[in-house]
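# Structural description and commentary
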Amino acid sequence: MRDPRSVPRQQVTGHLDNRVSVLAAGLTNVRRRLAAACQAAGRSPDEVTLVAVTKTYPAADALRLVDLGVTDLGENRDQEAAAKASELAAAGAAATWHYVGRLQRNKCRSVVGYADVVHSVDSVRLAEALAGAAQRGRSVPLDVLVQLSIDGDLQRGGALPGDGGEPDVRLDRVLAAVAGAATLRLRGIMAVAPLGWDAREAFTRVAEAAARVRREYPQAQWVSAGMSNDLEVAIECGSTHVRVGNALLGKRAASPVA
Ligand SMILES: *Cc1c(COP(=O)(O)O)cnc(C)c1O
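### A word on the overall build of the protein
For the protein, the count of helices and strands is 9 helices and 8 strands. In terms of C-alpha radius of gyration, the protein reaches 19 Å, essentially the compact-globule figure of 18 Å for 258 residues. If you line up the protein on its principal axes, its C-alpha atoms span 70 × 45 × 30 Å. Of the contacts made within the protein by residues no fewer than 6 positions apart, 62% connect residues no fewer than 24 positions apart. Working note: accessible area of the protein is about 12800 Å², and carbon and sulfur atoms make up 50% of it. Here the protein holds 32 positive side-chain charges and 28 negative ones, and the gap between their average locations is 4 Å.

Listed below in structure tokens is the structure:
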């Protein structure tokens, strides 16, 4: 029988090095795109945070990205996020964790345990559940972005601007619920461009909503918008946080957004 330890060491590290260089190339490419987009928009690259969305990829990849200098990681499912965050913490890797996916109220308790920022608060009830969980489960306030629905399709998440519809999912009410919770810190808004929409049209609406939100809540300066395919347009429209998965890590086998 072959002793598994007899696998030549070079072969093993060669494989790891290969993945690191794939990720490094992805990161270089995304950073170039960000720099070019900022320059074209007359903005400083310091104004834009790159959130590497590692969903479906192993903790080892998240760790490699942190080693390459990525500071912010994003996930969209609680179970996967919790496991990855604890693996990275055990490895001594410091990262700011962003929860970017649909969030159910029964997951709030878990999410407040590892997340630094939640991007996807889209109802008053969810804001209240998160505030309660944060009260019990953490010592510092949780940064929160309220998710805006651009097309009004509530199935895909997001609160509705304007004064029609269910009060629970009205943007102004959700903003007020977050801003009024001592354990949450309202930082701004988040949006996903709806499938089939022109990105510029979508992110122009986000920019308009962000301007209104900032007038009422001066502390809410962040705009989380832009992913692998549309980050340039998002930056042109004022995004401060781009959430990038595929362009850094490669195409996911299945890639549901949220
Ligand atoms: C998966 C995901 C992303 C990243 O999308 P890419 O197209 O892989 O860059 C961003 N935001 C949310 C909410 C996601 O679920």
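### Things to note about helix α2 (residues 59-67)
Listed as buried for α2 are Ala59, Asp61, Ala62, Arg64, Leu65 and Val66. Looking one or two places after α2, you find Gly69, whose phi comes out positive at around 110°.

### Re the side chain of Asp78
Note on placement: Asp78 falls in helix α3 (residues 78-90). No salt bridge is formed by the buried Asp78. Its closest oppositely charged neighbour is Lys107, at 5.2 Å. Engagement of the side chain of Asp78 in a polar contact is seen with the side chain of Ser110, the distance being 2.7 Å. Beyond its immediate sequence surroundings of up to four residues, Asp78 is in contact with Tyr99, Lys107, Ser110, Val111 and Tyr114.

### Re the confidence of the model for the protein
Caution applies to low-pLDDT regions: their predicted coordinates should not be interpreted in detail. Model confidence for the protein is summarised by a mean pLDDT of 93, while 92% of its residues fall at 70 or above. For the stretch residues 1-12, pLDDT sits under 50, and the model shows 1 contact to residues farther than four places along the chain or on other chains.

### What about the packing of α2 against α3?
Put simply, α2 and α3 touch, their axes get as near as 9 Å, and they point 50° apart. Taken as axis vectors, α2 and α3 run oblique relative to one another. The two elements α2 and α3 cross, and the hand of that crossing is right-handed. Between α2 and α3, the residues in contact are Ala59, Ala62, Leu63 and Val66 and Lys84, Glu87 and Leu88, respectively. For the contact of α2 with α3, the residue count by class is 5 nonpolar, no polar and 2 charged.

### Focus: the pairing of strand β1 (residues 49-53)
The two faces of the sheet receive side chains in turn, since in a regular strand these alternate between them. β1 sits mainly inside the fold: 4 of its 5 residues count as buried. Strand direction decides the pairing type here: β1 and strand β8 (residues 241-244), joined by 4 bridges, are parallel. When the sheet's bridge partners are listed, Leu50 is paired in β8 with Val242. Taken together, the 3 bridges between β1 and strand β2 (residues 72-75) define a ladder with parallel strand orientation. By the bridge assignment, Ala52 is partnered in β2 with Leu73. With α2 bridging β1 and the parallel β2, this β-α-β connection has right-handed handedness.

### Some thoughts on the side chain of His119
Relative to the helices and strands, His119 resides in strand β4 (residues 117-121). Residue classification places His119 among the buried residues on the basis of a relative accessible area of 0%. A distance of 2.8 Å separates the side chain of His119 from the side chain of His98, its partner in a polar contact. Within the structure, His119 has its side chain in polar contact with the side chain of Ser224 (distance 2.9 Å). His119 has contacts with His98, Tyr99, Val100, Leu145, Val146, Gln147, Met190, Ser224 and Arg243, leaving out every residue within four places of it along the chain.

Calculation criteria
- Residues numbered from 1 in each chain as written.
- Predicted model: local features only at pLDDT ≥ 70, side-chain atom pairs only at ≥ 80, totals over all residues.
- Heavy atoms only, no water.
- Helix = DSSP H or I, 4+ residues; strand = E, 2+ residues; numbered from the N terminus.
- Rg over C-alpha atoms; globule rule 2.2 N^0.38 Å.
- Contact = heavy atoms within 4.5 Å.
- Areas by Shrake-Rupley, 256 points an atom, 1.4 Å probe, with all protein chains shown as cover.
- Lys, Arg positive; Asp, Glu negative; His and termini not counted.
- Charge placed at Lys NZ, Arg CZ, Asp CG, Glu CD.
- Buried < 20%, exposed > 50% of the residue type's maximum accessible area, 1.4 Å probe, protein only.
- Salt bridge = Lys/Arg side-chain N within 4 Å of Asp/Glu carboxyl O.
- Polar contact = N/O pair within 3.5 Å; in protein donor to acceptor, adjacent residues only side chain to side chain.
- pLDDT = per-residue confidence, 0-100.
- Axes fitted to C-alpha atoms, helices over the stretch in contact; angles between N-to-C directions.
- Parallel < 35°, antiparallel > 145°, perpendicular 65-115°, else oblique.
- Left-handed = near helix turned anticlockwise from the far one by under 90°.
- Nonpolar A, V, L, I, M, F, W, Y, C, P; charged D, E, K, R; others polar.
- Pairing = 2+ DSSP bridges.
- Right-handed = clockwise from strand over helix to strand, strands pointing away.

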